[in-house]
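# Breakdown of the fold
Letter by letter, the chains look like this.
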Amino acid sequence: MYKSFSMELAGRTLTVDIGRVGAQANGCAFMHYGDTTVLCTATASEKPRDGIDFFPLSVEYEEKYYAVGKIPGGFNKREGKASENAVLTDRVIDRPMRPLFPKDYRNDVTLDNMVMSVDPACRPELTAMIGTAIATCISDIPFDGPCAMTQMGLVDGKLIVNPSQDEWDNGDLQLTVASTREKVIMIEAGANEIPDDVMIDAIYKCHDVNLELIKFIDQIVAEVGKPKHAYESCAIPEELFDAIKKIVPPEEMETAVFTDVKQVREANIREITAKLEEAFADNEEWLSVLSEAIYQYQKKTVRKMILKDHKRPDGRAITQIRPLAAEVDIIPRVHGSAMFTRGQTQICTVTTLAPLSEVQKIDGLDDNINCKRYMHHYNFPSYSVGETKVSRGPGRREIGHGALAEKALMPVIPSEEEFPYAIRTVSETFESNGSTSQASVCASTMSLMAAGVPIKKPVAGISCGLVTGETDDDYIVLTDIQGLEDFFGDMDFKVAGTLDGITAIQMDIKIHGLTRPIVEEAISRTHQAREYILKEIMMPCIAEPRPTVNEYAPKIMQMTIDPQKIGDVVGQRGKTINTIIERTGVKIDINDDGFVSICGTDQAMMDKAAEMIRIIVTDFEAGQVFDGVVVSIKDFGCFVEFAPGKEGMVHISRIAKQRINRVEDVLTLGDKVRVVCLGKDKMGRMSFSMKDVKQR
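The following paragraphs examine the structure supplied in this document. Worth saying up front: this structure is predicted, and the values here are computed from it rather than measured.

In terms of nonpolar packing, the biggest core is built from 86 residues, with I134, L175, M199, I203, F493 and L514 touching the most fellow members. The leading source of residues in this core is helix α4 (residues 196–224), at twelve residues. Beyond its immediate stretch of four places on either side in the chain, I134 contacts V16, I18, A29, M31, I217 and I220.

Each α-helix turn comprises 3.6 residues. Residues three or four places apart therefore point the same way. A rise of 1.5 Å per residue sets the reference length of helix α1 (residues 84–97), with its 14 residues, at 20 Å; its end C-alpha atoms lie 20 Å apart and thus fit the reference within 8%. Among the 14 residues of α1, eleven are classified as buried, and the element is accordingly described as predominantly covered. Within α1, burial applies to A86, V87, T89, D90, R91, V92, I93, D94, R95, P96 and M97.

The interhelical angle for the contact between helix α10 (residues 396–409) and helix α11 (residues 436–450), taken along N-to-C directions, is 50°, at an axis separation of 9 Å. When the axis of α10 is compared with that of α11, the two are oblique. In the packing of α10 onto α11, the handedness of the crossing is right-handed. Contacts between α10 and α11 pair R397, H401, L404, A405, A408 and L409 from the former with T436, S437, Q438, S440, V441, S444, T445 and L448 from the latter. Per-class residue counts for the contact of α10 with α11 are six nonpolar, seven polar and one charged.

The strand order β22-β24-β23 describes an open sheet built from three strands, whose pairing is antiparallel. Two strands bound the open sheet, and with one partner strand each, they are β22 (555–560) and β23 (587–590). Across the sheet, the axes of successive neighbouring strands diverge by a mean angle of 20°, strand direction being ignored. Relative to strand β24 (residues 595–600), β23 runs antiparallel, the two sharing four bridges. Across the sheet, I590 pairs through a bridge with V596, a residue of β24. Helix-sheet contacts for helix α16 (residues 603–617) involve β22, β23 and β24, and the interaxial angle to β22 is about 15°.

Here we come to helix α13 (residues 516–541). Spanning 26 residues, α13 covers 36 Å between terminal C-alpha atoms, matching the ideal 38 Å at 1.5 Å per step. Maximal helix bending in α13 amounts to about 35°, located at L534. Among all positions in α13, only I518, V519, A522, I523, R525, T526, A529, R530, I533, L534, I537 and M538 are buried.

A separate point is the side chain of K262. Note on placement: K262 falls in helix α7 (residues 262–279). Lacking a salt bridge, the buried K262 has E266 as its closest oppositely charged neighbour, with an N-O distance of 4.4 Å. Residues in contact with K262, not counting those within four places in the same chain, are Q344, V385, S432 and N433.

For the rest of this paragraph, the subject is the sheet that holds strand β11 (residues 324–328). Spatially, five strands are ordered β11-β12-β13-β17-β16 in an open sheet, and the strand pairing comes out mixed. Taken across any chain shown, the strands that pair with only one partner, and hence form the sheet edges, are β11 and β16 (374–379). Between one strand axis and the next, the sheet turns through 15° on average, direction left out of account. In this sheet, strand β13 (residues 345–354) lies alongside strand β12 (residues 336–342) in antiparallel orientation, the contact comprising seven bridges. Following the sheet pairing, R342 is matched in β13 by T345. The strands touched by α13 are β11 and β12; relative to β11, the strand with the most contacts, the crossing angle is about 35°.

We now examine the pattern of salt bridges. Using the criterion set out here, one finds 42 salt bridges in the structure. Residue E254 pairs with K304 through a salt bridge whose shortest N-O separation is 4.0 Å. Within this pair, whereas E254 is found in helix α6 (residues 250–257), its partner K304 is found in helix α9 (residues 290–309), the two being separated by 50 residues in sequence. Judged by its relative accessible area of 45%, K304 falls in the partly exposed class. Within the structure, one salt-bridge network assembled from shared partners comprises R312, D314, R316, R322, R342, D480 and E485.

Omega for the bond connecting G145 with P146 falls within 30 degrees of zero, at 5°, which places this linkage in the cis form. Along the polypeptide, P146 turns up in the loop between α2 (124–138) and β7 (148–155). Located in the positive-phi region is H310, a residue other than glycine, with phi close to 55°. Relative to the elements of secondary structure, H310 occurs in the loop between α9 and β11.

With respect to the helices and strands, T36 occurs in strand β4 (residues 36–48). Overall, the relative accessible area of 0% leaves T36 in the buried class. Between the C-alpha atoms of T36 and V453, which are 417 residues apart in sequence, the distance is 40 Å. There is a polar contact of 2.6 Å between the side chain of T36 and the backbone oxygen of C122.

With their axes 9 Å apart at the nearest point, helix α15 (residues 575–584) and α16 run at an angle of 155° to one another. The angle between the axes of α15 and α16 places the two elements in the roughly antiparallel class. Like other packed secondary-structure pairs, α15 and α16 cross with a definite hand, here right-handed. Taking contact as the criterion, the partners of T576, I580, R583 and T584 in α15 are, on α16, M605, K608, A609, M612, I613 and I616. Its residues assigned to classes, the contact of α15 with α16 comprises six nonpolar, two polar and two charged.

Before going further, it helps to examine a negative patch on the surface. A surface patch of negative charge is lined by E238, E239, D242 and E285. Among the elements that take part in the negative patch, helix α5 (residues 238–247) stands out by supplying three residues, more than any other. Here D242 shows up in helix α5. Assessed through its relative accessible area of 44%, D242 is described here as partly exposed.

What follows covers the pairing of strand β9 (residues 173–179). For β9, a buried count of six out of seven residues is recorded, marking the element as mostly surrounded by other parts of the structure. As paired elements, β7 and β9 share six bridges and run antiparallel to each other. Each bridged residue has a counterpart across the sheet, and for A148 the counterpart in β9 is S179. Of the pairings in the sheet, the one linking β9 to strand β10 (residues 184–194) comprises seven bridges and is antiparallel in character. Each residue of the ladder has a partner; that of V177, found in β10, is I187. Between β9 and the antiparallel strand that follows it, β10, lie four residues.

Cut-offs used in this document
- Residues numbered from 1 in each chain as written.
- Predicted model: local features only at pLDDT ≥ 70, side-chain atom pairs only at ≥ 80, totals over all residues.
- Heavy atoms only, no water.
- Core = buried A, V, L, I, M, F, W, Y, C linked by side-chain atoms within 4.5 Å.
- Buried < 20%, exposed > 50% of the residue type's maximum accessible area, 1.4 Å probe, protein only.
- Helix = DSSP H or I, 4+ residues; strand = E, 2+ residues; numbered from the N terminus.
- Contact = heavy atoms within 4.5 Å.
- Expected span 1.5 Å × (residues − 1).
- Axes fitted to C-alpha atoms, helices over the stretch in contact; angles between N-to-C directions.
- Parallel < 35°, antiparallel > 145°, perpendicular 65-115°, else oblique.
- Left-handed = near helix turned anticlockwise from the far one by under 90°.
- Nonpolar A, V, L, I, M, F, W, Y, C, P; charged D, E, K, R; others polar.
- Pairing = 2+ DSSP bridges.
- Bend = angle between axes of the 7 residues up to and from the residue.
- Lys, Arg positive; Asp, Glu negative; His and termini not counted.
- Salt bridge = Lys/Arg side-chain N within 4 Å of Asp/Glu carboxyl O.
- Polar contact = N/O pair within 3.5 Å; in protein donor to acceptor, adjacent residues only side chain to side chain.
- Patch = residues over 30% accessible without salt bridge, like charges linked within 9 Å, V, L, I, M, F, W, Y side chains within 5 Å.
- Areas by Shrake-Rupley, 256 points an atom, 1.4 Å probe, with all protein chains shown as cover.
- Charge placed at Lys NZ, Arg CZ, Asp CG, Glu CD.

On their own, these measurements won't tell you what the molecule is for.
Shown next as structure tokens:
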């Protein structure tokens, strides 16, 4: 049965069609927000997947180029692999949805979102987020929803609910918040140094809008929602836990997991596992789920000790940060490098500078963004966690962590006019034991300053964790969580910023939401930790950007020419500009406004290229002196090239002070000569002289 539901959302109409399309999916919502259209589906397998100990959820966000009237580039002319924006949208949708599925559910679930048209006033990412929640809620897939998502922008100091694409791209805040009926469940933000109180206010304005959306979803579910299907539970039998505790008492498990050395902890768990495998050798059913049972036993042990005894696995106080270290210039010959270490988390970031022609070209659904001048890439090799795995390029996690660090640093990157370079930072994970993305922020800040990039302010990042009890008031927030506290805890709340404000937030949780006091405490804790890291660790290592770029980095000089003269500099089919490049070895970029960037390593050659361009765009006047090369000899005189594509004629009578009968008696091709402009001749042509040049 086809039904349509509508509500007003931030001054625009949100319409959901149910039963119109996608009838064979478990749940399908055909979403319309303004003229933006996204098809959202939720589908589950009939049976659980064998041999896994996790919930197999896949989230897809498909960008169709026809949605903005484009044909994909390249030879294939089909949409290819997901763009970075699509991957990041997948992650933003996944993070609030995943905790709301049953923990013992092992059926494959795919949440697919296909963008079919884009209205710049109504962002398709937001439409897909809302549609995913609706499609899942009305389906028969077990799901403890509804949840809803809202985005918030900040333009000219005013908070804007669900901003347009222009407001989102050009404002001071890009905030996405997901909520359940009672609590905030996910936060993602990029910000231009937003104060803590403004950020908290924006988060809870989003939460208020989410509550209105949840009422709307409840109405839809009440009318067209399907009964949730029964499923085969993959919960660990309680009798197995009882048997494990008899062999490995809680005190022994506490001793095994409570150490500050990850390798020692893992060795202890291996010994316990071997002991239990031997004890249950005759029980295949228990052996098949033993690893998950041991994991849950560790989790209960760690959570109990943190929550009840305020005892962390490595012995730290609740607010204590692990030992920190910062270094710069650890890699020779690169343009900038730095390493940041926090406990057993260690990141090395390398900065590379290049001319603006090296910016990343972007082809996507957002017409406002067609290139990226600052790029941050993050790598997480298997050796960083003591494992072996073939590298197959960056996965969604690496793309997400790189984008988070990039988002954190973007507000302090100098403008193109201030620093005419393309900038790439690459964070290599040497060792990982919790919050490598925020260590990447710290290492990247120092690497940029070491490379001589005049960033506006240094940025640092830190992560807080959470362990909750039976009630909303029974919880403890942990500053600087390590890997074990992330695995067994309820939250990973990452915040990056300067001394003056927040530049990025990413919050992941495994429970059904956070109360406002928890959010406020986490933001306050990260603020304190950020100040400590900046003032006590990073600034003593490198306090400010170096005054010049590294000796191995390309040098760039800028000049401005009349836009009407760009064609003269470029020449027919690029002949003139390519000649300048060949003669000087520099790189030259010219934009439509007449800004010229000359990039090279030899200052003399850069100056020569600049002088050539200056001559080409100069309107000749009598008295101007030029150095040139004889390129043609005629009976009546010679032609001298004094800049690529620029030649002047010297009459035979103007070559020498004495009379000459043949030009060849005085000049040969390739001679370097100096000429002076005499102005226009009777025919309106510019005339030059060699004999009238004043001696130096």
